[in-house]
Amino acid sequence: MSNDTEINHQVPEPGEYLVFKIGKEYYGTSISLVQEILGELEITRVPKCPEHITGVANLRGKVTPVLDLRLCLGQVATSYAQICTVVVQLVLHGENTDLCMVVDDLPFVVQFDADNIEESPRLKNSENAFPLRGIGRKDGLIVLIFDPNKLAQLDELESMTECSEDEGTASAA
Amino acid sequence: MADINWRKLTGILSELDQQTVILEGFPDEQETLSNLKPTLENLAVCFSELNYSDFSLASQAYVEQLDSAGKRPLTPDGANQLGVIRQLVQEIVRANTEQRPPDTASFAELTSGCQQTMTESEADASDSTTPVAEPDPISNTPSSFDLSQDLLDDFITEATEHLDSVEGQVLELEDNPEDNEALNAIFRAFHTVKGTSGFFGFDGMQQLAHVAENLLDLLRDGELPFETDAASLILQSKDALLEMTQEIGPESVHAKAPQDLIDQLEAACRGEIGTNTPSAKPTQPKDESKTPAKSKKRQVQREVVRVHADRLDLLMNLIGELVIAESIVSDADELHLHACEKSMHAIRQLSSVTRDLQALSTSLRMVPIKGVFQKMRRLVRDLGNDSGKSVELILEGEDTEIDKNLVERISDPLVHMIRNSMDHGFEDAQTRKAANKPEIGKLTIAAAQRGGSIYISVEDDGKGLNSEVLRAKAIEKGLITENTDLTEKETHQLIMAAGFSTAATVTNVSGRGVGMDVVKRTVEGLRGQIDLDSKLGRGTCFTMRLPLTTAIIDGLVTRVANEYYILPTVSVLQSVQADDTSLFTLMETDEAFVYQDQTVPMVRLGSLYDISNAEQDPKKAFIIVLEAEGHLVGLMVDEVLGKQQVVIKSLNRIVKSVPGLAGSAILSSGQVGLIIDIDGIIELANTTIIIPPTPERATAHV
């Protein structure tokens, strides 16, 4: 229940969003958070981590954690069309941190105006950890908008481990 | 411009012309001053009609300041500002005549600069030799704060420095009352603070500094003797001023110095010293010849440069990256294959310089612990005076260097431990005499570096811990039961359990059951340990062991499957290869091997971290013999790649702390390696594999 209040009461703002495919769905995040988009990075596994944290990567001398978004969403890791890494800059504990998110296929930019964005509908599993902020719709494309900051925070609270065990009920249809 | 505005503006201009001329000659001409207000108010209206809202606000602000200044004369700054306003109006009028846009850019300062001046008029007005004059609270005035923040920062830094130096000097003076240089230095410090605080309009500070300075003046002229009371007063003044400095904010102009302190200072100036001391104050025989570790106070002043901490950190990061880049270059195969001798020579030179830079960088982070220790002198002195106990403080190893980040964080634990000793450890003079101990207690604080750690100990020769009392108290607090069996050492450890206290009366901080467990947690938070050793009747010694956290460590790079793990070389004894005869299993679950006639438990890193494709056959693998806490442990890896210095990069962002990992590092190949925390690995191994308590040979098992 508390997740609801946290997630849904602020409709994402209109603007440009970086959209990427994860499995069969499209997810997006505000482009202001995106630092860069890279191809496949060499990932060093870190033991004893939840599955969706695939490890860390050397990003120009900075050891940066890598999150596999499909695993975050509880989807099965089939082969990727083309692995891309989206690097976002977050603010955690008052500090700037980078986070790498691995996605399927090349991301692209979509402009959402106020009419195209709405709150995400109540989800069945409101305890579910994936922090959806809203839904953007344009020209038949449905994009599930989320905030990587929230994703990272949840991670810290270890609620994501449940997430990777759910199968497919995670994302809104 | 509309005609009506034009006429208004020209009218205002001629008024301003006249008023400024008068006020230049007669800044206190009351009629003109009161005429200024309506002029400026009209101007404000005019400005806003002409869409110069900023200037309109500035004019209004000026009016407000005039209001608050009341009947006081116009300060030179106020006159300046008025002049600027006049020039602005003139420019607008002229521009209109010349049919060009007015140059308002050069008057931008008007909008920001107009807040300072009125308060300074008070600072000027108050005579600095009448200490009792209280500044009128000016409610409206934004303080002299828009003086650039830089200036203010400088003031804070310098004042803090001056005041900090006072403490050391006073303590020195107490030991050597003839030391005129110290006395002069203290005088100068207060004098400077008085001056600079006055400049900023911090009247409260100025007043306090001034009275203290008076006292010091009398002292250095020899008109008053320098005694403990005078010293205490000076120290208290320093404390108060320091506090006021650190709380500088927009309110500071109104901050007042504590009146009772001022009263005491004035009384002291009149020779009425002694109003502030606790009655039961033992005379401290000046046995200072017995403090060997007191380094020469008048040490040679090495030239010191003040550098922004941020820059220093940046420098160190860059040097760290340089080290890595250099090693990538040096290791490059093509270099070794194709380079000519000249290039190789240059590369070697590069390596050498980089290594030196690195050593230098490491040393930049290190500061002597002396600063922290000296602060403790004051504490011991004050606590001693308060409690009436005579304690001699011995400091050892002041020159031991620790990472500058550690410096702040060990201060609190040290204070707690000292308070503990002072309050609960040391007996009072009579008790000590009865026990045949020297009346003056001895408190030794020592720092030393051993191996990869720094040891800091606080030792007293007080009454030591009483196991029975501790045990009883612990039972009472429900921490243990009657039946709990504890060794003496374990009983002593109870003192660091949360909520524990045996003090009959609660003193300042200790005795509330807060001190020692906080110390323990703080030390553990720094990845250190705290130990205590106590003998009833003889004393107690607390020892903190802290890692020398440097950002660069020497590591042994190892490989398991395709993952790289780095072991801090400081813990590595040797790397060996097992063979049939040396390896065996115990109770079918644990493994061990023989190393130099000892049985050493063995842990497979691959199993511990679920590394697939790890080498399973111990005979084909390597065992790294590690030492931790005096115990040996063997870690099995696939391959040992060599030693490398690496920059530690924290893992603790989104990747939560993993047991057994101390961080990560970028290897010369560009790959990421994970740094092993030996203690953590052992603990992890303990929770998954049992390490046998007694080394016994079981039958060999292939």
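Calculation rules
Residues numbered from 1 in each chain as written. Chains lettered and ligands numbered in written order. Predicted model: local features only at pLDDT ≥ 70, side-chain atom pairs only at ≥ 80, totals over all residues. Heavy atoms only, no water. Core = buried A, V, L, I, M, F, W, Y, C linked by side-chain atoms within 4.5 Å. Buried < 20%, exposed > 50% of the residue type's maximum accessible area, 1.4 Å probe, protein only. Helix = DSSP H or I, 4+ residues; strand = E, 2+ residues; numbered from the N terminus. Salt bridge = Lys/Arg side-chain N within 4 Å of Asp/Glu carboxyl O. Phe/Tyr/Trp six-rings, centres within 6.5 Å; stacked < 30°, edge-to-face > 60°. Pairing = 2+ DSSP bridges. Axes fitted to C-alpha atoms, helices over the stretch in contact; angles between N-to-C directions. Polar contact = N/O pair within 3.5 Å; in protein donor to acceptor, adjacent residues only side chain to side chain.

**Describing the nonpolar core**
Residue and element names in this part refer to chain B. One finds L414, M417, I418, L443, I445, I456 and I530 to be the most contacted residues of the largest nonpolar core, which totals 43 residues. Of all the elements, helix 16 (residues 404–425) adds the most residues to this core, at eight residues. Of all hydrophobic cores here, the second largest spans 41 residues; its members include L183, F190, F202 and M205.

**Side note on the pattern of salt bridges**
Side chains that differ in charge, positive against negative, can pair when their charged atoms come close. Residues and elements named next belong to chain B. Applying the stated criterion to the full structure yields 23 salt bridges over all chains. Note that R348 is salt-bridged to E341, the shortest N-O span being 3.0 Å. Under the relative-accessibility criterion, R348 is labelled partly exposed at 44%. With a relative accessible area of 55%, E341 lands in the exposed category. Among the salt bridges present, the one from R378 reaches D382, with a minimum N-O distance of 3.0 Å. One end of the pair, R378, and the other, D382, are both in helix 15 (residues 370–387), four residues apart, so they sit about a helical turn from each other. Classification of R378 by relative accessible area gives buried; the value is 9%. In this structure, a network of salt bridges that share partners links the residues E167, E174, K238, D239, R378, R381 and D382.

**Topic: the environment of K619 of chain B**
Residues and elements named next belong to chain B. Its location among the elements puts K619 in the loop between helix 21 (605–608) and strand 14 (622–628). We classify K619 as partly exposed; its relative accessible area is 38%. Once the C-alpha coordinates of K619 and L583 are considered, the two residues, 36 residues apart in sequence, prove to be 8.9 Å apart.

**Quick word on the packing of aromatic side chains**
Residue and element names in this part refer to chain B. On inspection of all chains with the given rule, the structure shows nine aromatic pairs over all chains. Both rings, one in F47 and one in F55, keep their centres 5.6 Å apart while their planes meet at 45 degrees; by these two values the pair is tilted. Each member of the pair F47 and F55 is classed as buried. Ring centres 5.8 Å apart and planes at 55 degrees place the aromatic pair Y52 and F55 in the tilted group. Classification of F55 by relative accessible area gives buried; the value is 7%.

**A word on the sheet that holds strand 10 (residues 572–576) of chain B**
Residues and elements named next belong to chain B. Strand order in the open sheet formed by six strands is 10-14-15-13-12-11, and the pairing between neighbours is mixed. Looking at the sheet topology across the chains shown, the edges are occupied by strand 10 and strand 11 (583–586). Neighbour-to-neighbour, the strand axes of this sheet turn through a mean angle of 35 degrees, independent of strand direction.

**Brief notes about the side chain of E213 of chain B**
All names here are of chain B. Its location among the elements puts E213 in helix 9 (residues 203–220). Judged by relative accessible area, E213 falls into the buried class, the value being 6%. Within polar-contact distance, the side chain of E213 engages the side chain of K194 at 3.1 Å.

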